[in-house]
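An overview of the molecular structure
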Amino acid sequence: MLSGSDTGIGHALAKHLDSLGFVVFAGVLNKDGPGAEELRRSCSQRLSVLQLDITNTTQVKEAYLTVSVKVQNAGLWGVVNNAGILGFPADGELLPMSTYRHCMEVNFFGAVEVSKTFLPLLRKSRGRLVNMSSMAGGIPLPRYAAYGASKAALSMFSGVMRQELSKWGIKVMAIHPSGFRTGIEGTAEQWDRQEKELMENLPADTRQAYGEEYLLGLRNYLLHLPSHCAPDLSPVLGAVLHALLARRPQGLYTPGRGAYVPLCIFCCFPLWFYDFF
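Here goes a summary of the coordinates provided. (Residues numbered from 1 in each chain as written. Predicted model: local features only at pLDDT ≥ 70, side-chain atom pairs only at ≥ 80, totals over all residues. Heavy atoms only, no water.)

Right, let's talk about the pairing of strand 3 (residues 78-81) for a bit. Taking every second residue as pointing to the same face, both faces of strand 3 are buried, with Gly78 and Val80 on one and Val79 and Asn81 on the other. Relative to strand 4 (residues 128-132), strand 3 is paired through four bridges, and the arrangement is parallel. Bridge pairing links Gly78 to Arg128 in strand 4. Regarding the hand of the β-α-β motif, the stretch spanning strand 3, helix 4 (residues 97-125) and strand 4 is right-handed. (Buried < 20%, exposed > 50% of the residue type's maximum accessible area, 1.4 Å probe, protein only. Helix = DSSP H or I, 4+ residues; strand = E, 2+ residues; numbered from the N terminus. Pairing = 2+ DSSP bridges. Right-handed = clockwise from strand over helix to strand, strands pointing away.)

Structure below.
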């Protein structure tokens, strides 16, 4: 079972797992949207599309009941918490509290609720829990205070659950990809709405401290973000597949160019050197 299958990594992963012969339960934010329709059209009958807004407790419970009926006593082998949001990348002081709350609601609380709900099925199969965190969840990155904090919380949750669930043979892994072109950055309409909210909530002294030129440049940063991201998602798909199938999966995966090096510098060097880097 995986969440966030409408677009990006989740969509590609659902197709990939289906092509390998897995029975896939693909949770989507909109079961009537183009992503869901594409999965129904291009995948086999083994794949089931589930309406799953992970912030909606009722939908999480309904998805659990649907999956329970289909897998019965065999249990569920894997849960991949992939659904996530980026928010508007900006300095932590500039971001409205609504952005922090929304990131935590989706990236952390939603994933926790899905995990807790489906754990009885994983316990039956001694299966796998895979949480899609981010490079920003392992190291501090400027302009990602809200997103990074929510992903760091998810990574810590993964580590604790890895220890606690080992007594039942359940293995828990966190994936920390570097920059990939996934569509998580959202649409121009979403950018406009978030940018407007950010600007309207800025105190005058904060606006003056940062300057209008810098504030206007935030949109340019977002517009150029996809050009710095890798279009080929296969390293991430490979990491998830290894996490699901390997006899001894890694606790942490860092797929993608540049994901491992900054983490090593952050862990092994003085903080002033990492900040300079």
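There is more to say after this.
In this section: the sheet that holds strand 3. Strand order in the open sheet formed by four strands is 3-4-5-6, with parallel pairing between adjacent strands. The open sheet has two free edges, formed respectively by strand 3 and strand 6 (252-253), since each of these has just one partner strand. Its contacts with the sheet place helix 9 (residues 234-245) against strand 3, strand 4, strand 5 (171-175) and strand 6, and it is angled at close to 155° to strand 4. (Contact = heavy atoms within 4.5 Å. Axes fitted to C-alpha atoms, helices over the stretch in contact; angles between N-to-C directions.)

Here we take up empty space enclosed by the protein. Empty space left among the atoms is revealed by rolling a probe the size of a water molecule over them. By the definition in use, this model includes two cavities of 30 Å³ or more. In this structure, the largest cavity encloses a volume near 40 Å³. For the largest cavity, the full set of lining residues is Met135, Gly138, Ile139, His176, Ala259 and Leu263. Partitioned by chemical class, the residues of the lining of the largest cavity number four nonpolar, two polar and no charged. Empty space within the second largest cavity amounts to approximately 30 Å³. (1 Å grid on protein atoms, 1.4 Å probe; cavity = no way out; pocket = protein on both sides within 12 Å on 5 of 7 lines; lining within 4 Å. Points joined across faces, edges and corners; volume = space filled by probe spheres on them. Nonpolar A, V, L, I, M, F, W, Y, C, P; charged D, E, K, R; others polar.)

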